[in-house]
Each structure stands twice: as structure tokens, then as C-alpha cells.
Amino acid sequence: MLFKKNTLPDTEGRLRSVGIIMDGNGRWAKRRGLPRLAGHAAGAARVEEVLTTLRELGVHHVTLYAFSTENWKRPKEEVDGIMDLVYKYLDEVVQDKIVSDGHFSVRFAGDISVLPEKLRKKCEEIEALGKNREYICYVALNYGGRDEIVRAANRAIADGVTVLDEKTLSKYTYTAESPDPDLLIRTGGDMRISNFLLWQCAYSELYFTKTLWPDFDRKQVITAVESFLTRKRRFGGLNKEDT
Ligand code: FPP
């Protein structure tokens, strides 16, 4: 399938939900002789453009991997810097622009109870602000896929569920309000899932690009979506043309 560059392809309702692993901020900074935090700041600055492009492409659900349960292992200075940056970005861009524009509900996936108090309160404020919007963006913060599955099972048990099935467990995941990602994008060149949406990505199409997250612009989003549109999804079954 060929599309003119920079014109938006018609996703024909096939692409409702996208997950993104925003990797490569550190390397982006290193290549420029800048501190790693400058890379995270440049990465944060890309988020709005990517969300807007996906919205224009008809994607109603986006989940962004901002901080994993494993990212605490990074030097304290970097962890503190990311927390400050996420706060600043949530306050200045997500709350004042993305949510206030009226398109997006923003939710948080992950255990936000252990985040710095100021950041946790900001997350709660943002969640309360934009409810029932047409588009949902989950920000995965202190998120781990295995942790999420264990928590979901424990929450179900606490609710008195004695036999778990897939539908029930899905209801207890952080992203219960969104369909599973049709497409999972990872920037930065590594080809792994890194404990992101393990339950939800069972049948997601995977798109890996060497582009570092701060360079992942509107054009790159369109290229990823074009790749998705060429995929034949079978969900373990057969399509008519295969029989
Ligand atoms: C991975 O790059 C990126 C992170 C751990 C942080 C991502 C956070 C943001 C972009 C802020 C976004 C904020 C919101 C609220 C959406 P890396 O440091 O692993 O890069 P490297 O692999 O090049 O070292």
C-alpha cells in the first residue's frame, strides 16, 4: 500500500488503540553531548504532536510507557529528574492543553500511590478533570506488566471472584477502559516488550523503529501506521484468502 508522505492514511476504523514504548531519550542526549535529562525533556516535548497525529488518524486509545517499575534502578538523580519532568509536563501541557482542549481523558496505569506526593496529587487532579471524553490516553507510571497481572488477580480475589476468566481479569487491569492495543510501537531500536502491557498485547501488531523517541515526529507516526495497515491480522485463525 502506498500513501503520499504526510497525508493521513485512512485507517478505516482498524486502528483504535496504540501502545508506545518511548525509548532512546538517553542516547538522543548523549549524541548531542547533553545530560540524559535533556533527552527526557526533548522526549516529553514530542508527546503532544504524537497524540494529536494519532487522534487525527482515528486512534481513540493511546497508552504511553513513561516510567516502569524497573526504572527505579536508575541513579537517584535521573529518577528525581524524570519525576520533576513528568510533573512539569503534566501540569503545563497535559492539564493545560491536552485535557483542557476537551478531546482527551488522561488516566494513569501503574501504582501511583508510591510516587512523590506532589506528582500523585497532580495525577489525581488530571484524572478528575477530563472524564468521559472521546479519546483516552493512559500514561503508564510506575507500571510493570507482570505486576499489573498479579494485582488484577489479587483485586479480583479481594472482590470475591473464585474463578477467573480472561474477560474478568481484563476488567481488573489498569487499562480496563480501553481496548487492547492494535499496534505496539517501540522507538530506540531495541526489539523487546520490556514488561509493557503483557496481558493486553497478546495479539498486537509490533512496530520497532531505530528512531529515537525525541525524533519520533508526525511523519514517523504516519510511517508506523502505514506499516500497520499492511498487516494481515488473523488472531490465531485464518482469513478468507488463506483458505
Ligand atoms: C526511555 O528512554 C524513556 C524514559 C524512561 C522516560 C520517558 C519519559 C518521558 C518521555 C516523559 C513523558 C511524560 C509524560 C507525562 C507522557 P531511555 O532513558 O531508556 O533512553 P536510552 O535507552 O537511550 O538510554
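Residues numbered from 1 in each chain as written. Predicted model: local features only at pLDDT ≥ 70, side-chain atom pairs only at ≥ 80, totals over all residues. Heavy atoms only, no water.

## Considerations on the site of the ligand
Around the ligand, 16 residues are found, and the nearest of them are Asp-23, Gly-26, Arg-27, Arg-36 and Arg-74. One of the backbone N or O atoms of Gly-24 is found 3.3 Å from an oxygen atom in the ligand. Take Arg-36: an N or O atom from its side chain is 2.8 Å from an oxygen atom of the ligand. Calculation on the ligand without its partners gives an accessible area of 630 Å², and the protein chains cover 92% of this total. Per element, the largest residue contribution to the shell around the ligand is 4 residues, and it comes from helix H2 (residues 36-56). Its residues assigned to classes, the shell around the ligand comprises 6 nonpolar, 6 polar and 4 charged. (Near = heavy atom within 4 Å. Polar contact = N/O pair within 3.5 Å; in protein donor to acceptor, adjacent residues only side chain to side chain. Areas by Shrake-Rupley, 256 points an atom, 1.4 Å probe, with all protein chains shown as cover. Helix = DSSP H or I, 4+ residues; strand = E, 2+ residues; numbered from the N terminus. Nonpolar A, V, L, I, M, F, W, Y, C, P; charged D, E, K, R; others polar.)

## Section: the environment of Pro-214
Assignment of secondary structure puts Pro-214 in the loop between strand S6 (205-208) and helix H7 (218-229). On the basis of relative accessibility, which here comes to 5%, the residue Pro-214 falls in the buried class. Those residues within four positions of Pro-214 in sequence are excluded, and the remaining contacts are Gly-24, Asn-25, Trp-28, Gly-39, Ala-42, Gly-43 and Arg-46. (Buried < 20%, exposed > 50% of the residue type's maximum accessible area, 1.4 Å probe, protein only. Contact = heavy atoms within 4.5 Å.)

## Some words on the packing of aromatic side chains
The geometry of two aromatic rings is summed up by the distance between their centres and the angle between their planes. Tallied over the entire structure, the rule returns 7 aromatic pairs. With 5.7 Å between their ring centres and 50° between their planes, Phe-104 and Tyr-135 make a pair best called tilted. On the criterion of sequence distance, the pair formed by Phe-104 in strand S3 (residues 104-109) and Tyr-135 in strand S4 (residues 135-143) is long-range, its members being 31 residues apart. For the pair shown, Phe-104 and Tyr-135 are each scored as buried. (Phe/Tyr/Trp six-rings, centres within 6.5 Å; stacked < 30°, edge-to-face > 60°.)

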